[in-house]
Amino acid sequence: AGQRAPSPAEGSLPMSALPRAANRLARLLAHVCNAVVAAEWPAEWTDAEVIALWKRRGSRGDKSMHRPVAKLPASARLVERILLPQLRFCCSGLVG
């Protein structure tokens, strides 16, 4: 049996909806990314729900067989995915 994808936080956009709306969201996402770079990371995007994820070994009842995972808002994860390649490119000459 496959695992069900985690539900989005209340008021958050599910990541599965993004590919279907990519063309309509491209300009808006560019604006949001530019605003984040020019200003600062929104405080709401750092609020995470921490859940215990079973490591798929040992007993599910054994707390040591779980690891903490932070579920961040989809909007924060999306902007991170967009900005990461640009940050890597800009920093490539500075590291290593």
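Data block above holds the structure.
Residues numbered from 1 in each chain as written. Predicted model: local features only at pLDDT ≥ 70, side-chain atom pairs only at ≥ 80, totals over all residues. Heavy atoms only, no water.

### Some words on helix α1 (residues 22-38)
Next up, step 1: For α1, spanning 17 residues, the distance from its first C-alpha to its last is 23 Å, which sits close to the expected 24 Å at 1.5 Å a residue.
Next up, step 2: At L28, α1 shows its strongest bend, of approximately 30°.
Next up, step 3: On its buried face, α1 sits against α2 (74-91). (Helix = DSSP H or I, 4+ residues; strand = E, 2+ residues; numbered from the N terminus. Expected span 1.5 Å × (residues − 1). Bend = angle between axes of the 7 residues up to and from the residue. Contact = heavy atoms within 4.5 Å.)

### Looking at the packing of aromatic side chains
Next up, step 1: A complete count under the given rule lists one aromatic pair for this structure.
Next up, step 2: With centroids separated by 5.1 Å and ring planes inclined at 75°, the aromatic side chains of W41 and W45 adopt a geometry described as edge-to-face. (Phe/Tyr/Trp six-rings, centres within 6.5 Å; stacked < 30°, edge-to-face > 60°.)

### With respect to the pattern of salt bridges
Next up, step 1: Throughout the structure, instances matching the rule amount to one salt bridge.
Next up, step 2: Note that K71 is salt-bridged to E49, the shortest N-O span being 4.0 Å. A residue pair is termed long-range when its members are at least 10 positions apart, and K71 in strand β2 (residues 66-71) and E49 in strand β1 (residues 49-54) qualify at 22 residues.
Next up, step 3: Assessed through its relative accessible area of 24%, K71 is described here as partly exposed. (Salt bridge = Lys/Arg side-chain N within 4 Å of Asp/Glu carboxyl O. Buried < 20%, exposed > 50% of the residue type's maximum accessible area, 1.4 Å probe, protein only.)

### Side note on the environment of E49
Next up, step 1: By relative accessible area, E49 is classed as partly exposed at 43%.
Next up, step 2: Remark: the alpha-carbon pair of E49 and A70, spanning 21 residues in sequence, is separated by 5.6 Å.
Next up, step 3: Not counting the four nearest positions on each side in its chain, E49 is found in contact with V69, A70 and K71.

### Thoughts on the packing of α1 against α2
Next up, step 1: Orientation of α1 relative to α2, taken along the N-to-C sense of each, is 80°, at an axis distance of 10 Å. Here α2 runs roughly perpendicular to α1, going by the angle between their axes. Across the interface between the two elements, L29, V32, C33 and V37 of α1 pack against L78, V79, I82 and L83 of α2.
Next up, step 2: Considered class by class, the residues forming the contact of α1 with α2 number eight nonpolar, no polar and no charged. (Axes fitted to C-alpha atoms, helices over the stretch in contact; angles between N-to-C directions. Parallel < 35°, antiparallel > 145°, perpendicular 65-115°, else oblique. Nonpolar A, V, L, I, M, F, W, Y, C, P; charged D, E, K, R; others polar.)

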